[in-house]
Amino acid sequence: MSLRAVLWDVDGTLAETERDGHFVAINAAFDELRVPWRWSEGRYGELLRVAGGFERLLFDMSSQPQAPTDPGARRMLAAQIHRRKNEIYAALVTSGAIPLRDGVRELMDDCSDARVPMGIVTTTSRANVAALLEANLGPGWERRFGTVVTADEAPSKKPDPQAYAMALERLGIPGCEAVAIEDSPAGLEAAAATDILVVITRSRYFNKEPITGALAIGPGLGSGVGWVPAAAHSRDRIGLEQIRSWHDAATRHSLR
Ligand code: XBP
Ligand code: MG
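Analysis parameters
- Residues numbered from 1 in each chain as written.
- Chains lettered and ligands numbered in written order.
- Predicted model: local features only at pLDDT ≥ 70, side-chain atom pairs only at ≥ 80, totals over all residues.
- Heavy atoms only, no water.
- Donors = N, O, S within 2.8 Å, 3.2 Å for Na, K, Ca; no water.
- Helix = DSSP H or I, 4+ residues; strand = E, 2+ residues; numbered from the N terminus.
- Buried < 20%, exposed > 50% of the residue type's maximum accessible area, 1.4 Å probe, protein only.
- Expected span 1.5 Å × (residues − 1).
- Contact = heavy atoms within 4.5 Å.
- Salt bridge = Lys/Arg side-chain N within 4 Å of Asp/Glu carboxyl O.
- Domains from an automatic or database assignment.
- Buried area = accessible area lost by both parts, 1.4 Å probe.
- Near = heavy atom within 4 Å.
- Polar contact = N/O pair within 3.5 Å; in protein donor to acceptor, adjacent residues only side chain to side chain.
- Axes fitted to C-alpha atoms, helices over the stretch in contact; angles between N-to-C directions.
- Parallel < 35°, antiparallel > 145°, perpendicular 65-115°, else oblique.
- Left-handed = near helix turned anticlockwise from the far one by under 90°.
- Nonpolar A, V, L, I, M, F, W, Y, C, P; charged D, E, K, R; others polar.

1. Some words on the coordination of the magnesium ion (ligand 2)
Step number 1: Coordination of the magnesium ion (ligand 2) by the protein involves Asp9 (OD), Asp11 (O) and Asp183 (OD), with metal-donor separations of 2.2 Å.
Step number 2: Within one chain, the residues serving as donors to the magnesium ion (ligand 2) are arranged as D-x1-D-x171-D. Note that aspartate 9 is positioned in the loop between strand E1 (5-8) and helix H1 (17-32) and aspartate 183 in the loop between strand E4 (178-182) and helix H8 (185-192), a separation of 174 residues in sequence. Neither aspartate 9 nor aspartate 183 differs from the other in exposure class; each is buried.

Printed below as a string of structure tokens:
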């Protein structure tokens, strides 16, 4: 079973967009819209268990004493905050405030050099992905990916496998021939449901979270140290060669 695609999660995996982007932007939106509550960094971390910024706002409002009681009014307020949060987020990333995590660009270059197609598979919106990747990869960013699946195309958010299933269908490959790079338990669950093996790069918010069932788990693609299983190819970073050898070993093992 050969490796035929690398699928990238966005938030937390390509960049620390949660802490440095969405978290900052949501509190700025609360301020601007004079919403009478704020989210601490810790509370934001808890709320990340709910996938999707809009869904997260609604979930929080269900225990927020100062939120409107009428469900329609809640949805309207959540939509208004979410819209403004995304505008502030886009402005932040466009200003260059959020770089790619270490090793991400290098692994992307490995895939391009080896002609291994890449995909984006995320629960955030296409506009947010475009803002982040245009700022970091330039205006031709989309040409680098065989498919880009966002919440616009796949509204059922991770851990639902809809986005991964759509990416596989568009690339025309089975899950066992792809590897996903993810940072969260929900992302792993979504990918695993379509037979995709998952490399977990620990992000700030999911740093300590128990995560089982990964192909490999480690501190980030920018280091070859601290991975389980150990990375044999380089101490400097996780490259395509390393991902291939983890994938080969796991698929050989499952064929035995
Ligand atoms: C990302 C999310 C998103 C972002 C915010 O999950 O859950 O909700 O936090 O973006 P993943 P939106 O990394 O698994 O794709 O406000 O656009 O939802
Ligand atoms: Mg993520």
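More follows now that the structure is in view.
2. So, helix H4 (residues 71-94)
Step number 1: The end-to-end C-alpha separation of H4 is 34 Å, in line with the 34 Å expected for 24 residues at 1.5 Å each.
Step number 2: Regarding H4, the residues found buried are Arg74, Leu77, Ala78, Ile81, His82, Lys85, Asn86, Ile88, Tyr89 and Val93.
Step number 3: Of the surrounding elements, those touching the buried residues of H4 are H1, helix H3 (53-61) and helix H6 (126-137).

3. Examining the pattern of salt bridges
As a working rule, side chains carrying opposite charge can pair if their charged atoms are close by.
Step number 1: Inspection of every chain in the model, using the stated rule, returns 16 salt bridges.
Step number 2: One salt bridge connects aspartate 31 with arginine 38, and the closest N-O pair in it is separated by 2.7 Å.
Step number 3: For aspartate 31, a relative accessible area of 46% corresponds to the partly exposed category.
Step number 4: Given the relative accessible area of 40%, arginine 38 is considered partly exposed.
Step number 5: One salt bridge connects aspartate 60 with arginine 43, and the closest N-O pair in it is separated by 2.9 Å. On the criterion of sequence distance, the pair formed by aspartate 60 in helix H3 and arginine 43 in helix H2 (residues 41-47) is long-range, its members being 17 residues apart.
Step number 6: We classify aspartate 60 as buried; its relative accessible area is 2%.
Step number 7: It is possible to trace a salt-bridge network through shared partners that takes in Asp9, Lys158 and Glu182.

4. Quick word on the domain arrangement of the chain
Step number 1: Taken domain by domain, the chain holds domain 1 (5-16 + 99-254) and domain 2 (18-94).
Step number 2: Taking only C-alpha atoms, the centre of domain 1 and the centre of domain 2 are 26 Å apart.
Step number 3: Taken together, the contacts link 14 residues of domain 1 with 20 residues of domain 2.
Step number 4: Both faces combined, the contact of domain 1 with domain 2 buries some 1400 Å², and carbon together with sulfur accounts for 53% of it.
Step number 5: On the domain 1 side of the contact with domain 2, Glu16, Asn128 and Tyr205 bury the most area, a combined 41% of that side's loss.

5. Some remarks on the site of ligand 1
Step number 1: Around ligand 1, the surrounding shell holds 18 residues, and the nearest of these are Glu18, Gly53, His82, Lys85 and Thr124.
Step number 2: Contact distances for ligand 1 include 2.7 Å between an oxygen atom and a side-chain N or O atom of histidine 82.
Step number 3: A distance of 2.5 Å separates an oxygen atom of ligand 1 from a polar atom in the side chain of lysine 85.
Step number 4: When contributions to the shell around ligand 1 are tallied by element, the ones reaching two or more residues are H1, H3 and H4.
Step number 5: Among the elements that take part in the shell around ligand 1, H4 stands out by supplying three residues, more than any other.
Step number 6: Residues from two domains meet in the shell around ligand 1; each of domain 1 (5-16 + 99-254) and domain 2 (18-94) gives at least three.

6. Brief notes about the packing of H3 against H4
Step number 1: At their nearest, the axes of H3 and H4 sit 9 Å apart, and the two run at 135° to each other. If you check the angle between H3 and H4, you find them oblique. Of the two elements, H3 crosses H4, and the hand of that crossing is right-handed. Taken together, the residues of H4 that come into contact with H3 (itself represented by Gly53, Phe54, Leu57, Leu58 and Met61) are Arg74, Arg75, Leu77, Ala78, Ala79, Ile81 and His82.
Step number 2: Looking at the contact of H3 with H4, its residues break down into eight nonpolar, two polar and two charged.

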